[in-house]
Each structure stands twice: as C-alpha cells, then as structure tokens.
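Analysis of the macromolecular model
Each chain is listed here by its residues.
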Amino acid sequence: MKLAVGADERTYVVEEVLKYLEAEGHQVTYYGPAVGESYTTPETYWPAVARRVAEAVVKGEADEGILFCWTGTGVSIAANKVRGIRAALCVDAETARGARLWNNANVLCLSLRLTSWPVAKEILTAWFQTRYQPNPTDDTCLAQIAELERTSTLSL
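Residues numbered from 1 in each chain as written. Predicted model: local features only at pLDDT ≥ 70, side-chain atom pairs only at ≥ 80, totals over all residues. Heavy atoms only, no water.

Quick notes on helix α4 (residues 93-103)
Filter applied, for reference: The classification of residues rests on relative accessible area computed with a 1.4 Å probe and restricted to protein chains. Under 20% of the type maximum is buried, over 50% is exposed, and intermediate values are partly exposed. Strands are runs of DSSP state E lasting at least 2 residues, helices are runs of H or I lasting at least 4, and numbering of each runs from the N terminus. Here, two residues are considered to be in contact whenever any of their heavy atoms come within 4.5 Å of each other. Pairs of N or O atoms within 3.5 Å make up the polar contacts considered here, provided that, within protein, one atom can donate a hydrogen while the other can accept it, and that residues adjacent in sequence are counted only when both atoms are side-chain atoms.
Turning to α4, its buried residues number three or more, namely Ala96, Gly98, Ala99, Arg100 and Leu101. Contacts from the buried residues of α4 go to β3 (64-69), β4 (87-89), α5 (117-129) and α6 (136-151). A distance of 3.3 Å separates the backbone nitrogen of Glu94 from a side-chain oxygen at the start of α4, and that oxygen is part of Asp92. A positive phi of about 50° marks Asn104, the residue just after α4.

Quick notes on the pattern of salt bridges
Put simply, the test is: Definition used for salt bridges: Asp or Glu carboxyl oxygen within 4 Å of a side-chain nitrogen of Lys or Arg.
Per the stated rule, a full pass over the model turns up 7 salt bridges. Between Arg10 and Glu15 there is a salt bridge whose closest N-O contact spans 2.3 Å. No difference in accessibility class separates Arg10 from Glu15, as the two residues are buried. Close ionic contact of Glu94 with Arg97 constitutes a salt bridge, the shortest N to O distance being 2.9 Å. Of this pair, Glu94 and Arg97 are both found in helix α4, 3 residues apart, which corresponds to roughly one turn of the helix. Residues joined in a network through salt bridges with shared partners are Glu64, Arg100 and Arg131.

Re the environment of Arg86
Examined against the element boundaries, Arg86 turns out to sit in the loop between α3 (73-79) and β4. Under the relative-accessibility criterion, Arg86 is labelled partly exposed at 25%. In contact with Arg86, other than residues within four places in its own chain, are Asn80, Asn103, Asn104, Ala105, Asn106, Val107 and Leu142. A polar atom in the side chain of Arg86 sits 3.4 Å from the backbone oxygen of Gly84. In terms of polar contacts, Arg86 uses its side chain to reach the backbone carbonyl oxygen of Asn104, at 2.8 Å.

Right under this line is the structure:
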C-alpha cells in the first residue's frame, strides 16, 4: 500500500512507525522535518504537513495517510479541510477500528503526546486489519458528509 505519512516533529514514535510501515511492505512517502528536528519552517508546521498528506491521498498518490502532531487534533482538523478526506484522531485500537468500520476513514491521526510505540502499533494493526463494511446506515451517513462537502457555503 502507498502511504503518505507526516509529522511536525520527527520523534521516536514517528521513527518507529516509519520503520514498522516499511517492514510491513508499505511504500511510504514522508512529509515533515528530518530526524531530531521539529517544525522549523512554515512548510513543516502541522497545517502544511497535514495538507500535503491529505492532498496526496485525494490525488491518488497515496492510498491512505497517517499524521502526527502534539495532540493529533490540529492535523485532524487541517486534513479534514481537504475535500474527500475523512481523518480520524485515534487514541486506541478500538477507536481506529471504529473509524475504519463505520466512517471509512482514510487518514489516521495520532497524538505525539499520548501515543507510545506499543500503543501506536496496536492502533496501526487495528487500522490495517479493518475495512469499511458497506451498510445502509453508514452509507447514508457518508453520503451526508459528501453532500456537506459539496454544498456547504456558510462562512464566518
């Protein structure tokens, strides 16, 4: 699988996830700062990294995305601004499973603050082992999300 992975800080957990994904045979494209660095330029701030990963998914350059920031909230918000992205902030394996099963999530967001490597591995396992199961209720919900993306014109 082709994966776009991004972070605003290249921490131990990010490194372990990248190694794990490559060992599992995934083709990984990384967006963000180098090893041991954190956001140093506007191109490595979390909104920019999230946009690059989300756009790679929407353009078909990646099948799915994985994003990291301190809480995971920022990258989740930013990625979800890109039409066609269903980014889910997951703090445990069950949340990841639900995000895939019911929401057909295509971008996994993780907190650098809360996610240890063992927990990240559990989340990744659940994420990759779970697929969306089409059904009338969830299909309708996803159609409603798509309709929001197409028709929402409200702005502040």
